[in-house]
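The chain contents come next:
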Amino acid sequence: MHIGNAYAALAAWLGVRSQGGRLILRIEDIDTPRVVQDADRWIMDDLNWLGLDWDGDPVYQSARLDRYQQVLEALSGMTLSEIIQESIPEDGWRPSASRSIRHMPLPYATAHTVGHPVPNTRPRAESPLIYPCFCSRADIRAASAPNEGDGFIVYPGTCRTMPAAERDARVGRGDRHSWRIAVPEPGNPAGAIAFDDEVFGPQHIDLGRQVGDVVIRRSDGLFAYQLVVSIDDVDMGVTQIVRGRDLLRSTSIQLWIRRALGHALRSQSQTLTRTPSQPRPQQQPEQQQRLRSPQLAQTPSRAATIPQFAHLPLVDDISGKRLAKRDHALDLGVLREEGVSPERIIGYCAWMLGLLSQPVPCRPSDLLDGFTWNTIADHRDDHRCDTQDLLR
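Residues numbered from 1 in each chain as written. Predicted model: local features only at pLDDT ≥ 70, side-chain atom pairs only at ≥ 80, totals over all residues. Heavy atoms only, no water.

*Asks:* Looking at this structure, how should I read empty space enclosed by the protein?
*Replies:* Over the atoms, a rolled probe matching the size of one water molecule traces out where space is still vacant. Throughout the structure, instances matching the rule amount to one cavity of 30 Å³ or more. Taken as a whole, the largest cavity spans an internal volume of roughly 30 Å³. In this structure, the largest cavity is lined by Asp 233, Ile 241, Gln 254, Leu 255, Arg 258, Pro 307 and Phe 309. Tallying contributions element by element places helix α9 (residues 248-273) first for the lining of the largest cavity, with three residues. (1 Å grid on protein atoms, 1.4 Å probe; cavity = no way out; pocket = protein on both sides within 12 Å on 5 of 7 lines; lining within 4 Å. Points joined across faces, edges and corners; volume = space filled by probe spheres on them. Helix = DSSP H or I, 4+ residues; strand = E, 2+ residues; numbered from the N terminus.)

*Asks:* How do you make sense of the sheet that holds strand β9 (residues 214-217) when you look at a structure like this?
*Replies:* As a general point, the strands of a sheet are linked pairwise by backbone hydrogen bonds and lie either parallel or antiparallel. What the three strands build is an open sheet, ordered β3-β6-β9; its pairing is antiparallel. If you trace the sheet from one side to the other, it starts and ends with β3 (130-133) and β9, each paired once. In this sheet, neighbouring strand axes are inclined to one another by 50° on average, regardless of whether the strands run parallel or antiparallel. Pairing of β3 with strand β6 (residues 178-181) involves four bridges; the strand directions are antiparallel. Bridge pairing links Cys 133 to Ser 178 in β6. (Pairing = 2+ DSSP bridges. Axes fitted to C-alpha atoms, helices over the stretch in contact; angles between N-to-C directions.)

*Asks:* Help me understand the side chain of Ser 81 in this model?
*Replies:* The topology assignment puts Ser 81 in helix α4 (residues 80-85). Of note is the side chain of Ser 81, whose polar atom sits 3.2 Å from the side chain of Thr 79. (Polar contact = N/O pair within 3.5 Å; in protein donor to acceptor, adjacent residues only side chain to side chain.)

*Asks:* Sorry, what's going on with the packing of helix α1 (residues 3-17) against helix α12 (residues 342-352) here?
*Replies:* When two helices pack together, their arrangement is given by the angle between the helix axes and the distance between those axes. Running from amino to carboxyl end, α1 crosses α12 at an angle of 75°, the nearest separation of the two axes being 9 Å. The orientation of α1 with respect to α12, classified from their angle, is roughly perpendicular. Across the interface between the two elements, Ile 3, Ala 6, Tyr 7 and Leu 10 from α1 touch Ile 345, Ile 346, Cys 349, Ala 350 and Met 352 from α12. Grouping the amino acids of the contact of α1 with α12 by side-chain chemistry returns nine nonpolar, no polar and no charged. (Parallel < 35°, antiparallel > 145°, perpendicular 65-115°, else oblique. Contact = heavy atoms within 4.5 Å. Nonpolar A, V, L, I, M, F, W, Y, C, P; charged D, E, K, R; others polar.)

*Asks:* What's the story with the environment of Arg 209 in this structure? I'm lost.
*Replies:* Take Arg 209: it is sitting in helix α7 (residues 207-211). Take Arg 209: its relative accessible area is 43%, and that puts it in the partly exposed class. Along the chain, Arg 209 and Gly 187 lie 22 residues apart, while their C-alpha atoms are 7.5 Å from each other. (Buried < 20%, exposed > 50% of the residue type's maximum accessible area, 1.4 Å probe, protein only.)

*Asks:* I'm lost on the side chain of Arg 243 in this one. Help?
*Replies:* Considering the arrangement of structural elements, one finds Arg 243 in strand β10 (residues 240-244). Looking at Arg 243, its side chain comes within polar contact range of the side chain of His 311, at 3.3 Å. Setting aside residues no more than four positions away along its own chain, Arg 243 makes contact with Tyr 225, Thr 251, Gln 254, Phe 309, Ala 310, His 311 and Leu 312.

*Asks:* What is the right way to look at the pattern of salt bridges in this model?
*Replies:* Pairing of side chains with opposite charge becomes possible as their charged atoms draw close. All chains considered together, the criterion is met by 20 salt bridges. Residues Asp 38 and Arg 41 are paired through a salt bridge, measuring 3.7 Å at the closest nitrogen-oxygen approach. For Asp 38, a relative accessible area of 32% corresponds to the partly exposed category. Arg 67 is the partner of Asp 235 in a salt bridge, and the nearest nitrogen-oxygen pair spans 2.9 Å. Taken as a pair, Asp 235 in helix α8 (residues 225-235) and Arg 67 in helix α3 (residues 65-75) lie far apart in primary sequence, 168 residues in all. The same class applies to Asp 235 and to Arg 67, which are both buried. Through salt bridges that share partners, Arg 26, Glu 28, Arg 64, Arg 67, Asp 232, Asp 233 and Asp 235 make up one connected network. (Salt bridge = Lys/Arg side-chain N within 4 Å of Asp/Glu carboxyl O.)

*Asks:* Could you clarify how one ought to interpret the confidence of the model for the chain in this entry?
*Replies:* Low pLDDT marks stretches whose predicted atomic positions should not be read closely. Overall, the predicted model of the chain reaches an average pLDDT of 80, with 76% of residues at or above 70. Ignoring residues within four places in sequence, the model shows residues 87-118, a span with pLDDT below 50, making 73 contacts including any to other chains. In the model, residues 272-294 has pLDDT below 50 throughout and makes 26 contacts with residues more than four positions away in sequence or in other chains. (pLDDT = per-residue confidence, 0-100.)

*Asks:* Is there a simple way to explain unusual backbone geometry in this structure?
*Replies:* For residues that are not glycine, phi is negative in most cases, and the peptide bond is trans in most cases. Of note, Asp 38 is a non-glycine position whose phi angle comes to about 70°, a positive value. For Asp 38, the location among the structural elements is in the loop between β1 (26-27) and α2 (39-50).

*Asks:* Would you explain the environment of Leu 14 in this entry?
*Replies:* One can find Leu 14 in helix α1. The exposure class assigned to Leu 14 is buried, which follows from its relative accessible area of 0%. Leu 14 sits 38 residues away from Leu 52 along the chain, and the two C-alpha atoms are 9.2 Å apart. Setting aside residues no more than four positions away along its own chain, Leu 14 makes contact with Leu 355, Pro 364, Leu 367, Leu 368 and Phe 371.

This is how it looks when you write it as structure tokens:
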């Protein structure tokens with residue numbers, strides 16, 4: 001871990017412990033080519049050393065591949081218009097004043113998935129929610145312009161309108177492709193995602209204009225971050241999410257994925273609870289296929305509400321460059337070898353969060369009394385961290 005990880009971990013720990021909640025440790029090791037051997041052990045050792053405990057056993061994303069495949073197959077049976085046209089219940093996808101969340105029970109898949117089965121690409125009259133994308137990164141850069149001056153590139157939708165026959169033929173012959181989830185066109189009210197952030201306040205993001213259709217399964221077969229964390233958060237009943245402000249935009253697409261998951265649950269629940277006396281509507285082949293999709297839950301009782309979000313100011317190095325593990329920037333291992341105490345690191349992180357007026361040594365428990373996100377919201381400028389401040 002580096003100092004920025006410790007800073008975010010402290011904020012997450014305080015957010016949970018101050019409300020008497022449970023803290024989940026999730027090892028996000030889904031990007032297997034970048035996984036460093038024993039990194040999980042080092043992370044847990046650093047957290048223990050800092051005094052940041054968690055509840056239960058760690059959850060490893062690499063152990064949940066069948067679950068991600070199950071959900072992807074269920075979502076692939078939907079069309080974009082289904083999600084757009086669905087009315088959103090007042091207690092469903094809107095923030096709750098009480099900050100409570102109704103957990104959507106989604107059991108783990110029991111069958112082992114062999115290889116990387118792809119979602120259904122049958123011809124549809126309507127735009128599919130999940131579709132294959134054959135564009136390279138160079139293709140996307142050439143067809144797009146950076147969004148809002150921050151360098152983020154919105155996918156131009158090149159493959160979204162590809163005829164179904166061409167799409168199926170290219171997948172069938174093994175052309176390299178990723179899988180994307182479609183979002184409403186710019187300006188469509190269904191794509192206007194709003195949530196209240198504890199630090200940065202009300203957020204309003206137009207999915208079509210500011211985010212676009214994102215990859216949920218990469219061309220190398222690996223599941224993408226946006227899909228797996230959305231599934232994990234729902235499955236684990238996560239009610240509070242704390243992370244850097246650079247993921248504010250990601251929050252909107254994750255809420256869109258959660259909405260699709262909710263639709264899948266409600267659709268399957270209605271199918272499973274229909275009685276013999278109720279006439280079954282005439283089904284087109286597409287609908288018949290969708291009803292044969294993997295069951296996400298047998299008796300879903302309620303859909304998930306929006307969790308509480310707290311996005312933190314970023315921590316940069318002294319030159320203003322974003323901290324990165326690959327640069328070993330302010331690495332906790334290095335600081336520990338130099339004799340820096342865990343109390344000094346906690347105090348420095350608390351000072352960057354605005355919880356202390358000076359970076360004096362302390363323990364996490366010393367910060368619990370009177371903790372409020374409002375204090376962090378009053379200190380939401382990004383921070384430049386100088387190694388020498390910690391080594392003095």
